[in-house]
Amino acid sequence: DWYCVNGQVDFTANGIYDGTIDEVTAKWVVSNGRVDTEFTGFVKDTKGVVWYAQNGKIDLSYTNLPKGTVNGETGWWYVKNGKVTYSTGLVKNNKGYWYIKNGKIDLTYYGFFSNSKGDWYIQRGKLVSDMNGIVNGTVNGVTADWYVKDGKVDYSTGIAKTADKWSYVKDGKVLTTYNGFVKSSNSYWYFVDGVVDFNLRAIIYGTVFDNSDWWYVEGNKVLYPDPVMNDEYINIIKEDKENTIEIWEDSFTPPVAPDGYLGSQIVEYAKAWVGVTPYVDAADRWVEGEGYSNSLVYGTDCSGFTYLIFGNFGIYVPTASDLYQTSVGKQITYGELLPGDIIVYRNGGHVAIYAGDDMIVHCSNPERGTVYDNMWYATPTAYIRVI
């Protein structure tokens, strides 16, 4: 296909020319008078506008982030309607959203970018849409630790739960100097320097449910009614307001499992399946004519995991809901917990094996599988001993 002027091929023609080829009218890349159908890349017209051509043709509906060299710079460029657009912002392609600076993906950019739809977290030029946690950075001129949810700063106020800690967030920003009580759902948690200390057990003065008083905090959560201390002792603490954390910490010694305790053996066996046993919903484990499959290797749920672990030692444990609603085992308090005891959550909605030191082993969910976790990731509703 040749480019002609006055019926003759113009061998000096080089650049972009409008025309019709095989009934297709478009902008075409011409080299020495001939349409270069093998050319794919960037080309500049006489006005300095850079276009993106594919097989010699410029598609005016084409919008994407192709790689190439523009004005001596190589990278991924933002092409809109066939033309390089030198804008700055977020642009989407089939691999996600990218941070564009002056028309090119900035692969060196780490931090937040703000637009009318929010404040977004960027790593190596790409929006991290699955980022959920605490990120340090500068947003609207303020440098702080920010709570990011699904890649965007979440400007809510409450408790941000991450893998290694719980932080107090106000208007999206972590308050690292906050000391006090925070309400989440129907529970109150105590924060020290903006973080929940799950090992804290204390009597602390503060305001809970609009009532300023001395409160019993266990695992940094306000517990009531008190499962360990009697009313007389609490009244003594209230009268002596200088005696706070030390009195409770010195007065409580967690029970210690004896050597060779069966519960400790059960915990060690359970921990061997951490990161191994997948979580599979019951509906996906149904086998026609056989019922529900249950396997530490191929998958189970929280109840099935507990059932299989204890079953290895000849101990029957029912499902989480049945365990909570029946008289199986012995109801105990937090202060009596030993390794191998069972912790029930959500009134029988979830179950875990207590591993000692406020840690548990449980088959958590489809995303996490079987994990070694802090027991205060949720609020326990019962403690049960079946050994």
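As a reminder, the structure under discussion sits directly above these lines.
(A) Representation of the overall build of the protein chain in the model. Helix and strand counts for the protein chain come out as 5 helices and 38 strands. Here the protein chain, with 387 residues, has 45% of them falling under the buried criterion. Residue pairs in contact within the protein chain that sit at least 24 positions apart in sequence constitute 44% of those at least 6 positions apart.

(B) Representation of the environment of G19. Structurally, G19 can be placed in strand β3 (residues 15-21). The exposure class of G19 is partly exposed, given its relative accessible area of 24%. In this structure G19 touches V24, T25, A26 and W28, once residues within four positions along its chain are discounted.

(C) Just the pattern of salt bridges, in detail. As enumerated under the stated definition, the model contains 6 salt bridges in all. The salt bridge partner of E73 is K104, with a shortest N-O separation of 3.1 Å. Linking E73 in strand β10 (residues 73-76) with K104 in strand β15 (residues 104-105), this pair joins segments that are 31 residues apart in sequence. Take E73: its relative accessible area is 41%, and that puts it in the partly exposed class. Between R285 and D301 there is a salt bridge, with its nearest N and O atoms 3.0 Å apart. Taken together, the residues R285 in the loop between α3 (262-271) and β31 (286-287) and D301 in the loop between β32 (291-292) and α4 (302-311) connect sequence positions 16 residues apart. The pair formed by R285 and D301 is uniform in burial state, with each residue classed as buried.

(D) A look at the sheet that holds strand β36 (residues 359-365). Within the open sheet, the 6 strands sit side by side as β33-β38-β34-β35-β36-β37. Their pairing is antiparallel. For this open sheet the edge positions go to β33 (330-332) and β37 (369-374), each flanked by a neighbour on one side alone. With direction set aside, neighbouring strand axes in the sheet form an average angle of 35 degrees. Where strand β34 (residues 342-345) lies against strand β35 (residues 350-356), 4 bridges are found, and the strand directions are antiparallel. Within β35, the position partnered with Y345 by the bridge is H350. On the sheet, α3 packs against β35, β36 and β37 and is oriented at approximately 115 degrees with respect to β35. Contacts between α4 and the sheet are confined to β34, β35, β36 and β37, with β35 contributing the most and set at about 45 degrees to the helix.

(E) Focus on the nonpolar core. Of all hydrophobic cores here, the largest spans 23 residues; its most connected members are F305, I309, F310, I342, I353 and V386. For this core, the elements supplying multiple residues, two or more each, are α3, α4, β34, β35, β36 and β38 (380-385). Looking at this core element by element, the count peaks at 4 residues for α4. Ignoring any residue separated from it by four or fewer positions in sequence, one finds F305 in contact with A270, W273, T277, L296, T300, I353, V361, H362, C363 and T370. In terms of nonpolar packing, the next biggest core, distinct from the first, is built from 19 residues, W189, Y334, Y345 and M375 among them.

(F) Main features of the state of the cysteines. Tallying each qualifying case throughout the model produces 0 disulfides. Lacking any disulfide linkage, C302 is separated from the closest cysteine sulfur, that of C363, by 7.5 Å.

(G) Expanded view of the packing of aromatic side chains. Within this structure, the stated rule accounts for 17 aromatic pairs. Centroid distance Y99 to F113: 5.2 Å. Interplanar angle 50 degrees. Geometry classified as tilted. Within this pair, whereas Y99 is found in strand β14 (residues 96-101), its partner F113 is found in strand β16 (residues 111-115), the two being separated by 14 residues in sequence. Judged on exposure class, the residue Y99 and its partner F113 are both buried. An angle of 55 degrees between the planes, with centres 5.8 Å apart, marks the rings of Y168 and F191 as tilted. A residue pair is termed long-range when its members are at least 10 positions apart, and Y168 in strand β23 (residues 166-170) and F191 in strand β26 (residues 187-192) qualify at 23 residues.

Parameters at a glance
Residues numbered from 1 in each chain as written. Predicted model: local features only at pLDDT ≥ 70, side-chain atom pairs only at ≥ 80, totals over all residues. Heavy atoms only, no water. Helix = DSSP H or I, 4+ residues; strand = E, 2+ residues; numbered from the N terminus. Buried < 20%, exposed > 50% of the residue type's maximum accessible area, 1.4 Å probe, protein only. Contact = heavy atoms within 4.5 Å. Salt bridge = Lys/Arg side-chain N within 4 Å of Asp/Glu carboxyl O. Pairing = 2+ DSSP bridges. Axes fitted to C-alpha atoms, helices over the stretch in contact; angles between N-to-C directions. Core = buried A, V, L, I, M, F, W, Y, C linked by side-chain atoms within 4.5 Å. Disulfide = S-S within 2.5 Å. Phe/Tyr/Trp six-rings, centres within 6.5 Å; stacked < 30°, edge-to-face > 60°.

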